[in-house]
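Each chain is listed here by its residues.
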Amino acid sequence: MITSFLPLVAAVLFAIGAIGVLIRRNAIVILMCIELMLNAVNLTFASYAYELRSMAGHVFIFFVMTVAAAEAAVGLGIVIAVFRKRQSADVDDVNLMRW
Amino acid sequence: MEPSILSLVIEALLKVAFVIGLVMGGVTYMTWVERRVAGIIQDRLGPNRVGFAGLLQPIADGLKFLFKEDILPPHVYKPFYILAPTLIFVPSLLGSTVIPFGDSIHLFGRDIPLQVADLNVGILFIFAMSAMGVYGIALAGWSSNNKFSLMGGLRSSAQLISYELAMGLSVVGVLMVAGSLRLNEVVESQSGFHWNAFTQPIGLLCFVVAAFAETNRAPFDLPECESELVAGYHTEYSSMKFAMFMMAEYANMITAAALMVTLYFGGWQVPGLSKAALSPLAVSLIQVGAFLFKTAFFLFLFVWVRWTLPRFRFDQLMDLGWKALFPLALLQIFATALFILWGWL
Amino acid sequence: MLVINIIAFVAIFSALMVVFHRSPMVSVVFLIVNLVCIALFFLFLHAQFLFAIQLIVYAGAIMVLFVFVVMLLNLRKEEELLPGWRVQRALAFVGGPLLVGALWTALWRRGRSSEAFPGSFGSGFGTAEDIGQLLFNDYLFQFEAASVLLVVAMIGAVVLARRKES
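Just so it is clear, the model here is predicted, and its values are computed rather than measured.

Participant: Would you explain the nonpolar core in this entry?
Facilitator: Where a protein is soluble and globular, its nonpolar side chains tend to be buried together. Leu124 and Leu263 of chain B together with Phe41, Phe42, Met63 and Phe66 of chain C are the most contacted members of the largest nonpolar core, which totals 177 residues. Counting residues per element, this core draws most heavily on helix H3 (residues 48-72) of chain C, at 18 residues. Non-local contacts of Phe42 of chain C, meaning those with residues more than four positions away in its chain, are made with Asn42, Leu43, Ala46, Ile61 and Met65 of chain A together with Ala47, Leu50, Phe51 and Gln54 of chain C.

As structure tokens, then:
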């Protein structure tokens, strides 16, 4: 029961995160929607690890969390650096290389 | 004999009532202890008029807070402003649920562990709760819409997450010796005189200093002191919400003191007790009493250090956390690993 | 089962609030709520160690980073939510449900795994010892690589956020 319900919840969360990345302009909120997608993936891994009784899923989640932490740190560093130059955290304003 | 659901529920409710009663009672009377001990250290009497030796003073304080006007400033962001004191208070209460306050006693035909929740990842749950407690302060600072509160909230959050690191690392040595994350097994690995305080003194020092910083207490209370940032992150709070910040600080102190006792000073163990020919129930009660006594001593230590040392400047505080405690905790892990390898621990 | 339904509802609601609320700080707080819900799901799935790690690392450290940045950059300015880019906006709202549909179809149509389930839910599943055994024996190289990754990320974050002294 639980193993058929939770991956569906994870799919919905993943889609919500994807919509968020597409329609928001604030760089920090986009990073947060990426974290939402990563968490949906973690939830899927955990459900299938529970169903197949395999700990490999948990190890995968561990590494996904590590990478998410590293990516959040560097991403926020980039946002701060861009904010210092342009005084705005809007991704539409980062358009120097646009044609 | 399988215990019935009803008896399990009653057992859980009684344990929860006991722990919460203990923590809340402790919070209330810590204010009295604090003011009396401060008086003794400063060579004056503390409050001694309300009731015998001032023992009804906390009740008078509580009534005062209840009757004060609860101001809701118009410029704050109301949802977070109202939520923040709860966000600080609830994790500190939750953290005290996994601490074992006694050995399992044998009542009504089965063993009842004296611990509200025997989690497999006990210690990590306490760290998770202290990580959640950071948000209450950050949100209180942000929602107050006030530069001083914002700076106070930022500084306090930075302090909390820096010292969480040192606290977690200093506990790794204890976990290596105990071989498990369950707090019951940590206590049982310190039987006899093998208290971790004697075998891992550097870790104990790191943990105690980090616990002072984590509870925003003693020389690390810059974010909330009166002379610096007005009153830091609780500038805009009044009456019962302010009281909840104070209560949360004391509840955090009680959890930290209980944790210190559990991890480093043998928890509920009393060396040499089982040799005495007492009934098991009396042994259990003595062990609970020993736990409470040790926790009380550490609470006294918290108060003692607060009224003795001047407070740190914020950059000194961060230097201490990152440049002194963090390498010391790593050194402790390394040394413990070597000792276990050589068979000394 | 009822509890899981309630937690799932709260998780989806908070995810919608993350995406559709105008103020970044409120989005951060709703994301924290969502992460706590996911941690509770981990607890239901017998992943106790990951429950604690999710709360400590994700909800307790990564989101504190986000809170810091929002507070420091003082992002109180609430953006107009769906300004222009009508084509992109429409495509997003059509593509979202399509994505959910595609994922659900993939989930319903997968074959049942035929091998017998290897382990049981003894006291070992989901505990720290089990993950530790795997991390330090089978996945040792990945573990060390992850630690190198974290060091690189730390250096990168410090370099990026540093003020130029010129």
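Participant: So what exactly am I meant to see when it comes to a positive patch on the surface here?
Facilitator: A cluster of basic residues, Arg84 and Lys85 of chain A together with Arg162, Arg163 and Lys164 of chain C, forms a positive patch at the surface. Checked against the element boundaries, Arg163 of chain C lands in the segment after helix H6 (140-161).

Participant: Looking at this structure, how should I read the interface of chain C and chain A?
Facilitator: One frequent convention defines the size of an interface as the accessible area lost when the parts assemble. Each partner contributes to the interface: chain C provides 83 residues, whereas chain A provides 67 residues. For the pair chain C and chain A, the summed buried area comes to about 6900 Å², and 81% of that belongs to carbon and sulfur atoms. When the area that chain C buries against chain A is broken down by residue, the three leading residues are Leu45, Tyr58 and Phe66 of chain C, summing to 10%. Here chain C and chain A share zero salt bridges between them. Looking at the side of chain C that touches chain A, the elements that each hand over two or more residues are helix H1 (2-20), helix H2 (24-44), H3, helix H4 (86-109), helix H5 (128-138) and H6 of chain C. A per-class count over the side of chain C that touches chain A returns 60 nonpolar, 14 polar and nine charged.

Participant: Which parts of the structure should I look at to understand H5 of chain C?
Facilitator: Working note: α-helix, 3.6 residues per turn, so residues spaced by three or four point in the same direction. Those residues of H5 of chain C lying buried are Ile131, Gly132, Leu134 and Leu135 of chain C. Down the axis of H5 of chain C, the buried set is contained in an arc of 165°. They therefore lie on one face. More than 90 degrees from the buried face of H5 of chain C, the exposed residues found are Glu129, Asn137 and Asp138 of chain C. Looking at the buried side of H5 of chain C, the elements it contacts are helix H3 (56-86) of chain A together with H3 and H6 of chain C.

Participant: Which parts of the structure should I look at to understand the interface of chain B and chain C?
Facilitator: Contacts between the two partners involve 24 residues from chain B and, on the opposite side, 26 residues from chain C. Taking both sides of the interface into account, the surface hidden between chain B and chain C amounts to around 2200 Å²; carbon and sulfur atoms contribute 79%. Taken as a group, Tyr135, Trp142 and Leu154 of chain B account for 29% of the area that chain B buries against chain C, more than any other trio of residues on that side. At the junction of chain B with chain C, the criterion picks out zero salt bridges. Taken together, chain B and chain C are joined by two residue pairs in polar contact (both at pLDDT 80 or more). Those elements giving two or more residues to the side of chain B that touches chain C turn out to be helix H4 (122-143) and helix H5 (147-178) of chain B. Ranked by residue count, the leading element in the side of chain B that touches chain C is H4 of chain B, at 12 residues. Counted by class, the side of chain B that touches chain C contains 20 nonpolar, four polar and no charged residues.

Participant: Would you take a moment to explain empty space enclosed by the protein for this structure?
Facilitator: A water-sized probe, rolled over the atoms, reveals where empty space remains. Residues and elements named next belong to chain B. The full count for this structure, using the stated rule, is one cavity of 30 Å³ or more. Size it by volume and the largest cavity reaches roughly 380 Å³. Around the largest cavity, the lining is made up of 26 residues, and of these Ser92, Ser130, Glu214, Thr215 and Asn252 lie nearest the centre. If you list the elements that add at least two residues to the lining of the largest cavity, you get helix H3 (78-95), H4, H5, helix H8 (201-214) and helix H9 (239-264). The element that contributes the greatest number of residues to the lining of the largest cavity is H9, accounting for seven residues. The residue inventory of the lining of the largest cavity, partitioned by class, reads 15 nonpolar, eight polar and three charged.

Participant: Before we go on, may I ask you to explain H5 of chain B in this structure?
Facilitator: Residue and element names in this part refer to chain B. Counted at 1.5 Å a residue, the expected span for H5 with its 32 residues is 46 Å, and the 46 Å between its end C-alpha atoms agrees. Along its length, H5 reaches its greatest deviation from straightness, about 25°, at Val172. Of the residues trailing H5, Gly179 is marked for its positive phi of about 75°.

Participant: Sorry if this is basic, but what is going on with the pattern of salt bridges here?
Facilitator: When their charged atoms lie close together, side chains carrying opposite charge are able to pair. All names here are of chain B. Tallied over the full model, the rule gives 12 salt bridges over all chains. The salt bridge partner of Arg182 is Glu185, with a shortest N-O separation of 3.0 Å. Using a relative accessible area of 31% as the deciding quantity, one classes Glu185 as partly exposed. Bridged by salt links that share partners, the residues Glu34, Arg217, Glu249 and Arg306 form one connected network.

Participant: How should the confidence of the model for chain B be read in this particular structure?
Facilitator: As a general rule, the predicted coordinates of low-pLDDT regions are not to be interpreted in detail. Averaged over all residues, the pLDDT of chain B is 86; the fraction at 70 or higher stands at 95%. Of the two predicted TM-score estimates for the complex, the pTM is 0.91 and the ipTM is 0.92.

Participant: For this particular structure, what's the right way to read the arrangement of the chains?
Facilitator: With two pairs of chains in contact overall, the contact-richest pair is chains A and C. In this structure chain A stays clear of chain B, and the shortest span between their C-alpha atoms is 15 Å.

Participant: Looking at this structure, how should I read the state of the cysteines?
Facilitator: Two cysteines, two sulfur atoms, one covalent bond between them: this is a disulfide. Inspection of the entire model under this criterion finds zero disulfides over all chains. Unpaired in this structure, Cys33 of chain A has its nearest cysteine sulfur neighbour in Cys37 of chain C, at a distance of 16 Å. Using a relative accessible area of 6% as the deciding quantity, one classes Cys37 of chain C as buried.

Reading guide: rules and limits
- Residues numbered from 1 in each chain as written.
- Chains lettered and ligands numbered in written order.
- Predicted model: local features only at pLDDT ≥ 70, side-chain atom pairs only at ≥ 80, totals over all residues.
- Heavy atoms only, no water.
- Core = buried A, V, L, I, M, F, W, Y, C linked by side-chain atoms within 4.5 Å.
- Buried < 20%, exposed > 50% of the residue type's maximum accessible area, 1.4 Å probe, protein only.
- Helix = DSSP H or I, 4+ residues; strand = E, 2+ residues; numbered from the N terminus.
- Contact = heavy atoms within 4.5 Å.
- Patch = residues over 30% accessible without salt bridge, like charges linked within 9 Å, V, L, I, M, F, W, Y side chains within 5 Å.
- Areas by Shrake-Rupley, 256 points an atom, 1.4 Å probe, with all protein chains shown as cover.
- Salt bridge = Lys/Arg side-chain N within 4 Å of Asp/Glu carboxyl O.
- Lys, Arg positive; Asp, Glu negative; His and termini not counted.
- Charge placed at Lys NZ, Arg CZ, Asp CG, Glu CD.
- Buried area = accessible area lost by both parts, 1.4 Å probe.
- Nonpolar A, V, L, I, M, F, W, Y, C, P; charged D, E, K, R; others polar.
- Arc of directions from axis to C-beta.
- Polar contact = N/O pair within 3.5 Å; in protein donor to acceptor, adjacent residues only side chain to side chain.
- 1 Å grid on protein atoms, 1.4 Å probe; cavity = no way out; pocket = protein on both sides within 12 Å on 5 of 7 lines; lining within 4 Å.
- Points joined across faces, edges and corners; volume = space filled by probe spheres on them.
- Expected span 1.5 Å × (residues − 1).
- Bend = angle between axes of the 7 residues up to and from the residue.
- pLDDT = per-residue confidence, 0-100.
- Disulfide = S-S within 2.5 Å.

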